[in-house]
Amino acid sequence: MIRHIALAFALLAITTAGAVAQPSPFDMSGERPADAPILQLPSAAAGEGNGTAVEPPVAAKGQDDFKRFIIPFSALSLTGEVDERTWSVYLTAAQAQAATSLNFAYQNAIVVAPEASMLQVFVNGELAGGGAVGSAEAAEPLSYNLKPGLLRAGANDIRFKVRQRHRTDCTVESTYELWTEIAPDSAFIRFAPGDSAMLSSLDDVRAVGLDERGRTQFNLVVPGLQQPSRTAALMRLSQGLALRGQMPAQEVSLSETMPELGKPGQITALVGTAEEVAPLLERLPDGASSGPVAMFVRDSRTEASVLVISGPDWSAVQEAIEGVTQPMDRPSNVPRDVIATGRWLLPETPLVVSSTRLRFSELGVETSEFTGRRFRTRFSVAVPSDFYADAYGDATLLLDAAYTETVQPGSHIDIYVNGNIASTIQLNSVNGDILRHLPINVTMRHFKPGPNLIEVEAVLTAEPDKACAPGTPASNDPRFALFDTSELRMPSFARIGRRPNLAAISGAAAPYRSDTAAIPLYLDRADEDTLSAAATFLARLAVAGGRPLAVEMVTSPLAAGNRNALFIGAMPQLPKSVLTQVGIDSARQMSWGNAVVAGAGNETQQAMDAWRTRLSGGAWRNQVTAFQTWVKQEFDISLSSLRIVPETQAEFSPSETSSLVLAQGANPTDDATWTLLTAPTAKQLREGASAIADATRWQQISGRVSAYEPATDKIEVTPVAGFDFVQTQPASLTNYRLIFANWLSTNIMVYALLLIVLSVLLGLATSSMLTRLGRRK
């Protein structure tokens, strides 16, 4: 009897478990709840039973092995006497509750004095751990326990802060020798055993995280990838996932086969009709055969979450894709208040579109008292894609600061914009001073569309530093203070688009962000490499523009008409008309990438040209060049600014050292913008697109042509010689006046001629008036 009762309870338990495991279908009215059940992907045994090809068994990763890498950079180096970095890490509710420790390893310069140096890490504003900086010989691993409740579901602020002092030197120059590096593959949050690795709702895509290199990857597995009719929807899905992730270096990979699951910083999405995805699943989610479905399921072998986007036909799959992407959309004519940089830079970057005053406290700069020799802090401010004030505009820093009498005259405060010196002011008082809203004009020459990094550096020389004996205790008496009541005042500036202008693409995805109609997208072929490159590039554009871009696949440049268009493909396969329009030498179409032959010939030719220059007036030319450089530095006047007619732009010839080229130009009718992304091969196109999608490289893109050099890991920019204006704002006399002022500032010769003409006209008018009204004898 007892055995029958036990058997009945066992059957009841099995039945109940099966009922709980039923998945919920995708509902267009909202996402699945966070606690919705998940499915199991088929095991190897299940595949053997129905004849379906299966992958080799993979050892399941223990739940106690789960960790989240947290550094969103390929390398994190804290330099100087004081430095810090702040960003956010998104966690699911389960992860926030299960987090146990924050771990990382660091190594510092051998000249850092441990007794006077400190490294600290803060989580959500609270000190999580810290200690002396003293690991010069090898990287030292550290682990700090996280108290319950410190982390929260959603975004969590992480801040690494360092204070460093030199062992033996007290000069300003010695501060450049101070550094502490944290390896990205050593920095992670560890979680207690459980289901913290599981993703259960579309909102959890934000918790995709990073790999050990600081990168993120979305794997789209599409059984019907080769069907051209599906490409536009897949491009839109790539953008929707990227906008949910908002990571600094996101790559999208499209393929027809399942990748290795469970890798950190990756999410795999299975996209296709119910019939197509059924062989890859133990069983279909409920409702997939009758309606759109977008939900996470669990792989029984690796315990990884897989996003399934499916439906009875492709139209239903498209509806499910819209369920993923549409919540991230916004009207193209609605301006943004901030640029989303929180995953790699906090606070979020404010977008300034007109005259504005921003307090340092709003920009994330705290009041600081400093005891050393070189103080440095930073913040970020963004300007729109049609920013046009790089020749005459000045922003103003209203600085609240103080320094003591120990600071000697000759000390100074420098302002940098995007790494370029923009202004400097001397500190000349021998008795110290309190600066209240001291105005410092900052040229806007180095501002560009999108986020701009502004750094304030105080270089302080003091009498006590001259007597610097090794082992002397560091002074705790502050000599300089910067207050968070300081302000940045941005003036009204001209707003008009320019063509070509790749800086507008990198900063705000312009002009494509403002297009309401679908953007023509030309791909030379529909292979995995080309599709992945296009998806990665469009995903980066979506993040830069803050909204997904609707695309329409075209098979000919003529189909683009008078619309802004994108062209992506290997250069040998592209139409020559596209290369001509964006200013690329079509003679290089077939030869680019032949590094052995062409590279050797170029080196020989360069050597011959160098000797020819050396033997035929090279010294005279060097003197002329030196004079031009001096005039440029002292008076900001170049030969190009003295031209009346813009110089003819030579065609760009890609170098053998570059692996990717991004170029822009006008369409044949000069009423739209064409942008080309190309490489010698499809594989290099994919690798190059992934490389420039990193925020650090993406922000370097500007000019009319930007070429990626993998050997130096830099973007080589070809500046714009001549451009066309593109109206972006309603007609306004004030805006036209500002546009005219900036244009005249870049065309000095025209400005001088106008002054001469106006002076002559004034003289003639005065003479005529005096002739008629003057007294005659």
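Residues numbered from 1 in each chain as written. Predicted model: local features only at pLDDT ≥ 70, side-chain atom pairs only at ≥ 80, totals over all residues. Heavy atoms only, no water.

Caption draft 1: A look at the packing of helix 4 (residues 231–245) against helix 8 (residues 528–545). Packing of helix 4 against helix 8 brings their axes to within 8 Å, and their N-to-C directions diverge by 45°. The angle between the axes of helix 4 and helix 8 places the two elements in the oblique class. At the point where helix 4 passes helix 8, the crossing takes the right-handed sense. Facing helix 4, whose interface residues are Thr231, Met235, Ser238, Gln239, Ala242 and Leu243, helix 8 presents Leu531, Ala534, Ala535, Leu538, Ala539, Ala542 and Val543. Across the contact of helix 4 with helix 8, the residue classes break down as ten nonpolar, three polar and no charged. (Axes fitted to C-alpha atoms, helices over the stretch in contact; angles between N-to-C directions. Helix = DSSP H or I, 4+ residues; strand = E, 2+ residues; numbered from the N terminus. Parallel < 35°, antiparallel > 145°, perpendicular 65-115°, else oblique. Left-handed = near helix turned anticlockwise from the far one by under 90°. Contact = heavy atoms within 4.5 Å. Nonpolar A, V, L, I, M, F, W, Y, C, P; charged D, E, K, R; others polar.)

Caption draft 2: A nonpolar patch on the surface, seen in detail. Taken together, Leu753, Ile756, Val757, Leu758, Val760, Leu761 and Leu764 make up a surface patch of nonpolar side chains, about 650 Å² in accessible area. Along the chain, leucine 758 turns up in helix 15 (residues 748–773). (Patch = residues over 30% accessible without salt bridge, like charges linked within 9 Å, V, L, I, M, F, W, Y side chains within 5 Å. Areas by Shrake-Rupley, 256 points an atom, 1.4 Å probe, with all protein chains shown as cover. Salt bridge = Lys/Arg side-chain N within 4 Å of Asp/Glu carboxyl O.)

Caption draft 3: Representation of the sheet that holds strand 33 (residues 660–666) within the structure. Ordered in space as 31-30-32-34-33-35-36, the seven strands form an open sheet in which the pairing is mixed. The strands lining the two open edges of the sheet, one partner per strand, are strand 31 (551–554) and strand 36 (714–718). Pairs of neighbouring strands in the sheet enclose a mean axial angle of 20°, with direction left out of account. In terms of strand pairing, strand 33 meets strand 34 (residues 673–679) through six bridges, oriented antiparallel. Across the sheet, residue alanine 663 finds its bridge partner in strand 34, namely leucine 676. Across the sheet, helix 4 touches strand 30 (519–523) and strand 31, and the angle it forms with strand 31 is around 145°. Across the sheet, helix 12 (residues 682–692) lies against strand 32 (565–570), strand 33, strand 34, strand 35 (705–709) and strand 36, angled at about 115° from strand 34, the strand it touches most. (Pairing = 2+ DSSP bridges.)

Caption draft 4: How the structure looks around the side chain of aspartate 386. Assignment of secondary structure puts aspartate 386 in the loop between strand 21 (374–383) and strand 22 (394–403). Only 2.9 Å separates the side chain of aspartate 386 from the side chain of arginine 495, close enough to count as a polar contact. Sequence-distant contacts of aspartate 386, that is, excluding residues within four places in its chain, are made with Ala494, Arg495, Ile496, Gly497, Thr728 and Gln729. (Polar contact = N/O pair within 3.5 Å; in protein donor to acceptor, adjacent residues only side chain to side chain.)

Just distances and angles here, no functional claims.
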